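# Overview (structure and organization)
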Amino acid sequence: MAGILAADRGALMMKVYHASGVALAGLVPFATVIPGGVLPIDLALGVVMPVHSHIALNFVISDYVPKAQRLPARAGLLGVTCMTIAGLLKLNTQGEGITRTAKRLWKKPEDPFN
């Protein structure tokens, strides 16, 4: 559990962090160019993005949170990360998926008066 709470420490977490960065460098551009969305890519993004962010935000906690408050901050971050993964899983399995949802942000809205 210490590895998950203190995700900015240890060789394994650094390997996970770097691997997730490489995965995002490939998944995000691929997801933007494919038409619609593909469930395996959306599922991968739904795990890789929160894990990468979790580890990165642990670096922020180490740098800016006083030592006495680090454990509660890390526990709160772990809760937020778990909720994010659960929410993205629900979006991917019961909704339109991450890719289609993100693409909808750049889609021109239909004119209701035409």
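That block above? That's the structure.
Since the structure is predicted, the reported quantities are computational estimates derived from the model, not experimental observations. (Residues numbered from 1 in each chain as written. Predicted model: local features only at pLDDT ≥ 70, side-chain atom pairs only at ≥ 80, totals over all residues. Heavy atoms only, no water.)

### Details of the overall build of the protein
When its secondary structure is counted, the protein shows five helices and zero strands. When the helices and strands of the protein are read in sequence order from the N terminus, they spell out α-α-α-α-α. In summary, the protein has a C-alpha radius of gyration of 17 Å against a globular reference of 13 Å for 114 residues, an excess of more than 25%. Scored against the burial criterion, the 114 residues of the protein give a buried share of 27%. Here the contacts in the protein between residues at least 6 apart in sequence split such that 70% fall between residues at least 24 apart. Of the accessible surface of the protein, which amounts to about 7600 Å², a share of 71% is contributed by carbon and sulfur atoms. Between the averaged position of the 11 positive side-chain charges in the protein and that of its 6 negative side-chain charges there is a distance of 9 Å. (Helix = DSSP H or I, 4+ residues; strand = E, 2+ residues; numbered from the N terminus. Rg over C-alpha atoms; globule rule 2.2 N^0.38 Å. Buried < 20%, exposed > 50% of the residue type's maximum accessible area, 1.4 Å probe, protein only. Contact = heavy atoms within 4.5 Å. Areas by Shrake-Rupley, 256 points an atom, 1.4 Å probe, with all protein chains shown as cover. Lys, Arg positive; Asp, Glu negative; His and termini not counted. Charge placed at Lys NZ, Arg CZ, Asp CG, Glu CD.)

### What to know about the pattern of salt bridges
Summed over the entire model, instances satisfying the criterion amount to three salt bridges. The residue Asp8 makes a salt bridge to Arg74 at a minimum N-O spacing of 3.1 Å. Taken together, the residues Asp8 in the loop between helix H1 (2-5) and helix H2 (11-33) and Arg74 in helix H4 (residues 67-94) connect sequence positions 66 residues apart. Each member of the pair, Asp8 as well as Arg74, carries the same accessibility label: buried. Close ionic contact of Arg104 with Glu96 constitutes a salt bridge, the shortest N to O distance being 2.5 Å. Taken together, the salt bridges that share partners define one network made up of Asp8, Arg9 and Arg74. (Salt bridge = Lys/Arg side-chain N within 4 Å of Asp/Glu carboxyl O.)

### Considerations on the nonpolar core
Ranked by size, the top nonpolar core spans nine residues in total: Leu24, Leu27, Ala31, Ile34, Ile41, Leu45, Val48, Leu88 and Ile98. Residue contacts for Leu88: discarding those within four places in its chain leaves Gly46, Met49, Pro50 and Ile98. (Core = buried A, V, L, I, M, F, W, Y, C linked by side-chain atoms within 4.5 Å.)

### Quick look at helix H3 (residues 39-64)
For H3, which comprises 26 residues, the first-to-last C-alpha distance of 37 Å matches the rise-based estimate of 38 Å (1.5 Å per residue) to within 8%. Within H3, burial applies to Ile41, Asp42, Leu45, Gly46, Val48, Pro50, His52, His54, Ile55, Asn58, Ile61 and Ser62. (Expected span 1.5 Å × (residues − 1).)

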